Amino acid sequence: MREARRCRIMGLMCADRRPAARRQTLSTDPATTPAERSLPIRLNVDDSDSPSDVIDALFLGRFATGEQPYAHSRSVERVRSGMTLLPPAATVVRSARDDDRSAVLAEGEGWTLLISRWNRGADVSVTATTEELARTVVEEAVDGAEDEPEPQPEHVTMGFWYVSPRRGPHRTTRQISAGTWEEVRANYTAPVADAMDRLMKVTPDDIAGRLLLLHGPPGTGKTSALRTLARSWRDWCQVDCVLDPERLFNDVGYLMDIAIGEDDGSAKGRWRLLLLEDCDELIRGEARHTAGQALSRLLNLTDGLLGQGRNVLVGVTTNEDLERLHPAVVRPGRCLARIEVGPLSHREAAGWLGTEEGVGRDGATLAELFALRRGAGPTAVPPQHDGADAGLYL
């Protein structure tokens, strides 16, 4: 059960100090054994609770009393269209739909089933009189339910981690378009292209450091390079992007969920690359004063106890200059690669664009070149600013 949902359910089932006028209480007889008497079932409901919350709590009733003492759960990332996830002989006893979630409570001979659906994904949980029955009902519910997208050569499957208000730490996957390195190599200045040549060819046997650092001004193509890297490594490395990195290293539970990871059905021993974009405040020189324990936890994930036994790499992009980064981040042996991604020189930019018109004396970033290619004049190219608010382009 996800942490956020567990807390909400326990809030419904535990003693309530809210005014009596705002709540209704449903109780069951206490069970006969000491273990069961330690958790009497009391469901407190008020106008802040949704019908789905009530279904969540009702689902736990037979498990808590010991009538159905075994439980088993499965998650389906992408539910095939038309699948109800109801096993044969299921009888629906409750059904509810919220803005972003639907819940169904069903039962059969000796078992109770809860289906929680979120967008295209679903969680299926069963309590039953025997462990074998619980497992069998779950397998019947999810059999054939996973909708696998047709693989495309130009696409790569990338995971996205975030903390959901309802579900807690959650991972979803998307098919991301990514060019081959040969197709995008000309987007980078010669020293960067040479460094990326070596990085694209890395295999698990070549890994000598766990941190991958791409730094440089915004608009130079750091994110594009990482998409291409995900395609080059897809045979041996699962790539996940953390959408809220500022929260990751300040929430131990979230960090542990990601460190343990979800293998997405891949073989044991497969590596994972966690991408943290725009992490200037986390890794700059004064990070220990401004980010508390966040920097220490990042370092612990890359070569400390937390990372031991886990095939995890961490990729970080930042707009900071190398001199402003914390020395612990860039020390020898920690980085698999440390690449400064800068703008193309005047000659390289003119060659990329096919003309010198609009190209400044000092060259141009990839973002500026794409703007020029779309027909924007030199004065219409958005200025590039340093700092945390600049963001990333391409």
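Being a predicted model, the structure only gives us computed values, none of them experimental. (Residues numbered from 1 in each chain as written. Predicted model: local features only at pLDDT ≥ 70, side-chain atom pairs only at ≥ 80, totals over all residues. Heavy atoms only, no water.)

Caption draft 1: Seen up close, the overall build of the protein chain. Broken down by element type, the protein chain carries 16 helices and 14 strands. The buried share of the protein chain, taken over its 394 residues, is 47%. Counting only contacts in the protein chain whose residues sit at least 6 apart along the sequence, the fraction spanning at least 24 positions is 68%. (Helix = DSSP H or I, 4+ residues; strand = E, 2+ residues; numbered from the N terminus. Buried < 20%, exposed > 50% of the residue type's maximum accessible area, 1.4 Å probe, protein only. Contact = heavy atoms within 4.5 Å.)

Caption draft 2: Structural context of the packing of aromatic side chains. All chains considered together, the criterion is met by 3 aromatic pairs. Consider the rings of Trp352 and Phe370, whose centres lie 5.1 Å apart with planes at 70 degrees: the pair is edge-to-face. In this pair, Trp352 is assigned in helix H15 (residues 346–353) and Phe370 in helix H16 (residues 366–373), connecting sequence segments 18 residues apart. The ring of Trp352 has Arg373 lying over it, and the distance from NZ or CZ to the ring centre is 4.1 Å. (Phe/Tyr/Trp six-rings, centres within 6.5 Å; stacked < 30°, edge-to-face > 60°. Lys NZ or Arg CZ within 6 Å of the ring centre and 35° of its normal.)

Caption draft 3: View of the packing of H15 against H16. In the contact formed by H15 and H16, the axes pass within 10 Å of each other and the chain directions differ by 35 degrees. Considering only the axes of H15 and H16, their crossing is right-handed. Facing Ala349, Trp352 and Leu353 of H15, the residues of H16 in contact are Leu366, Leu369, Phe370, Leu372 and Arg373. Split into classes, the residues belonging to the contact of H15 with H16 amount to 7 nonpolar, no polar and 1 charged. (Axes fitted to C-alpha atoms, helices over the stretch in contact; angles between N-to-C directions. Left-handed = near helix turned anticlockwise from the far one by under 90°. Nonpolar A, V, L, I, M, F, W, Y, C, P; charged D, E, K, R; others polar.)

Caption draft 4: Spatial organisation of the sheet that holds strand E5 (residues 102–108). The 5 strands lie next to each other as E3-E7-E6-E5-E4, forming an open sheet whose pairing is antiparallel. Edge strands, defined here as strands with exactly one partner in the open sheet, are strand E3 (70–76) and strand E4 (91–97). Neighbouring strand axes in the sheet, compared pairwise and without regard to direction, differ in orientation by 15 degrees on average. Lying on the sheet, helix H5 (residues 131–142) is in contact with E3, strand E6 (111–118) and strand E7 (121–128); it crosses E3 at an angle near 20 degrees. (Pairing = 2+ DSSP bridges.)

Caption draft 5: The pattern of salt bridges, seen in detail. A complete count under the given rule lists 11 salt bridges for this structure. Here Asp240 ties to Arg171 by a salt bridge, and the two come within 3.1 Å at their closest N and O atoms. In this pair, Asp240 sits in strand E11 (residues 237–242) while Arg171 sits in strand E9 (residues 168–177), placing the two residues 69 residues apart along the sequence. We note that Asp240, like Arg171, is buried. In this structure, Arg185 engages Asp197 in a salt bridge whose closest nitrogen and oxygen atoms are separated by 2.6 Å. Of this pair, Arg185 sits in the loop between helix H6 (181–184) and helix H7 (190–200) while Asp197 sits in helix H7, and the two are 12 residues apart along the sequence. The partly exposed category is assigned to Arg185, whose relative accessible area is 32%. Here the salt bridges share partners, and the residues they tie into one network are Arg80, Arg120 and Asp147. (Salt bridge = Lys/Arg side-chain N within 4 Å of Asp/Glu carboxyl O.)

Caption draft 6: Spotlight on the sheet that holds strand E10 (residues 211–215). Within the open sheet, the 7 strands sit side by side as E9-E8-E11-E12-E13-E10-E14. Their pairing is mixed. At either margin of the open sheet sits one strand with a lone partner, and together these are E9 and strand E14 (335–340). For this sheet, the mean angle separating the axes of adjacent strands, direction not counted, is 20 degrees. Contacts from helix H8 (residues 222–232) reach strand E8 (155–164), E9, E10, E11, strand E12 (271–276) and strand E13 (312–318), with the element oriented near 145 degrees to E10.

Caption draft 7: Local environment of the pairing of E7. Taking burial as the measure, the 8 residues of E7 include 8 buried ones, the bulk of the element. Here 8 bridges tie E6 to E7, and the two strands are oriented antiparallel to one another. Counted as the bridge partner of Thr112 is Thr127 from E7. As consecutive antiparallel partners, E6 and E7 are separated by 2 residues, and within that stretch Asn119 has a phi angle of approximately 55 degrees, a positive value.

Caption draft 8: Fine view of the confidence of the model for the protein chain. Averaged over the protein chain, the pLDDT score is 78; the fraction of residues at 70 or greater is 73%. Note that pLDDT drops below 50 for residues 6–28; the model gives that stretch 50 contacts with residues more than four away or on any other chain. Throughout residues 378–394 the model reports pLDDT below 50, and contacts reaching past four residues in sequence, or to other chains, amount to 39 contacts. (pLDDT = per-residue confidence, 0-100.)

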